[in-house]
Amino acid sequence: MEARLISNRQQWNDFVAASVCCNITQSYEWGQLAPHLGAEALYTGVVDDRGQLCAAMLVLVSRLPVLGTYFYAPRGPVIDDPSSPALGQLLDFVRHEARRRGAFMLKVEPSVPDGDESWLAALRRHGFRRTPYAMHIRHEWVLDIRPDEQTLLANMKEKWRYNIRLAARKGVSVRRGEGPADLDTFYRLYRITSERDHFFIHEKAHYEDVMRLYSEGDRAALFLAEYEGQAIAGLLALRFGRWSWYMYGASSNEHRNRMPNHLLQWTAIRWAKEHGCWYYNFRGIPDVLEEGQELWGVYIFKQGFGGYPLRFLETHDLAYKPLVYQAYRRLLDLKRWRDQQQRSRLQRQPEAQPAVGRERPAQAQRSADAHQAEVALPGASQQG
C-alpha cells in the first residue's frame, strides 16, 4: 500500500460513492468549492498493490489569524474498516503534509453513526481527542426512499400528504430550473429567506459553482415552485452514490399559505428516487429533540415527511502543535462562555419588551457567529 495525493476524479468519486462512509462533502467536487471559503483542497488517499483506493480523505487547508494553518476533513476520512492499516498510513501522510505546511491540527467528523466503537477505538489509537465544538451539525433527518411512492406518501403525516396535494390545487406548479436565469431567481429568493430567518449565505458564485460542478450525470437539481408565473420558492438538491441531500431551500414572503415547500420536497424526493438513490437526507435538526430548541420548527417540518434521526460521531481533533492547539481551545471556551452570557442577558430582559425586538438581534448574532466559525474559528458555531 502507498499513501499519496490523488488527482484522478473518477477514481476518487467511485471509491467514496461506494463506501459506507459516503458523503457529498467528501466528493471530489466539494474540494473544488474550497476557494469560496478561502481554503485549499488536498485529496489524500491510500492505494493498494493493484492501484485501487482503499482509504481517502478530502482535507481542506485553511488559515486562522495568529494561530496559523489547520486541516479539516468534512465528514472524513472515508474507509470502510477503521482498524485497517490503511487508516494509519493515510494519517501519517496527512501529518507529513501538515508538517510541510505548518498546520497545528487536523479536525475530522467521520460520516458514521454516533457511538461506533470501532471508529472511536481507532481514533483514540491514532491520537485523536473528542471535542464538543463541531463544524457540521451532528443531528440530521433521513428518509429511506426505497419503498414505492404510495408507501412513502402513506408514511407521511396526514397533513403533509394533504399539503402536497393542496399546493397543486391552489395553483402551484414545480418545474426544473435550468440555466443562469433560473439560478438568479433562486438566489434572489434565497437572499429573501436569509434576511427573514437570519442565516448566512454565500455569494451567488458559490451556488453557480455547485450547479456547474455537479451537473455532470445529473447529480444536481434546481426546482422552482411557481404561482401564476411567479417563482415563490425553490430547492437545490444533490446526489452522490446511494444518497441524496436537500442542500438549500428558499421561499418568498408571499403565497406561503399555498404550501410550495411541501410540493418542492416531494418533487426532489421523486427525483432522487428516479436516479436510484436509497436515502434522502434533509440535513440538520436540533441536537436535542425538545420543543423550544433552535431549529425546532425546521425539525417539525422535516419529520412530517417520515424518516428517522441520524446522529453522527462527535468531532475529533488531532493536535500537531499542542501549544497552539491549547490556545485554539481556550479561544473556543471563551467564546462559548461569552455566548452563554449574552443569551442569559437576553433572557433576563423585561417581558414588556416586544418579542420580535428581543429575538431578532440574537438570531442575527447567531448567523454572524456561524459565518465567523465557517471562515475564521473552526468549531466556534457549536453546531451539534
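Residues numbered from 1 in each chain as written. Predicted model: local features only at pLDDT ≥ 70, side-chain atom pairs only at ≥ 80, totals over all residues. Heavy atoms only, no water.

**Describing the pairing of strand β11 (residues 243-251)**
Logical step 1: Most of β11 is tucked away: nine of the nine residues are buried.
Logical step 2: Here strand β10 (residues 230-240) runs beside β11; their pairing, made up of eight bridges, is antiparallel. Paired with L236 across the bridge in β11 is Y248.
Logical step 3: Between β10 and β11, which pair antiparallel in sequence order, lie two residues; one of them, G241, sits at a positive phi of approximately 65°.
Logical step 4: Bridging between β11 and strand β12 (residues 279-284) involves three bridges; their strand directions are parallel. Bridge pairing links S244 to Y280 in β12.
Logical step 5: At this point the chain moves from β11, through helix α9 (residues 260-274), to the parallel β12, and the crossover so formed is right-handed. (Buried < 20%, exposed > 50% of the residue type's maximum accessible area, 1.4 Å probe, protein only. Helix = DSSP H or I, 4+ residues; strand = E, 2+ residues; numbered from the N terminus. Pairing = 2+ DSSP bridges. Right-handed = clockwise from strand over helix to strand, strands pointing away.)

**So, the sheet that holds strand β4 (residues 68-73)**
Logical step 1: Across the sheet, which stays open at both edges, the seven strands sit in the order β1-β2-β3-β4-β5-β14-β6 with mixed pairing between neighbours. With partners counted over all chains shown, the strands left at the sheet margins are β1 (2-5) and β6 (129-130), one partner each.
Logical step 2: Looking at chain direction, strand β3 (residues 53-64) and β4 are connected through five bridges and run antiparallel. Bridge pairing in β4 links L64 to G68.
Logical step 3: Where helix α1 (residues 9-18) meets the sheet, its contacts fall on β2 (40-47) and β3, and the angle it forms with β3 comes to roughly 105°. (Contact = heavy atoms within 4.5 Å. Axes fitted to C-alpha atoms, helices over the stretch in contact; angles between N-to-C directions.)

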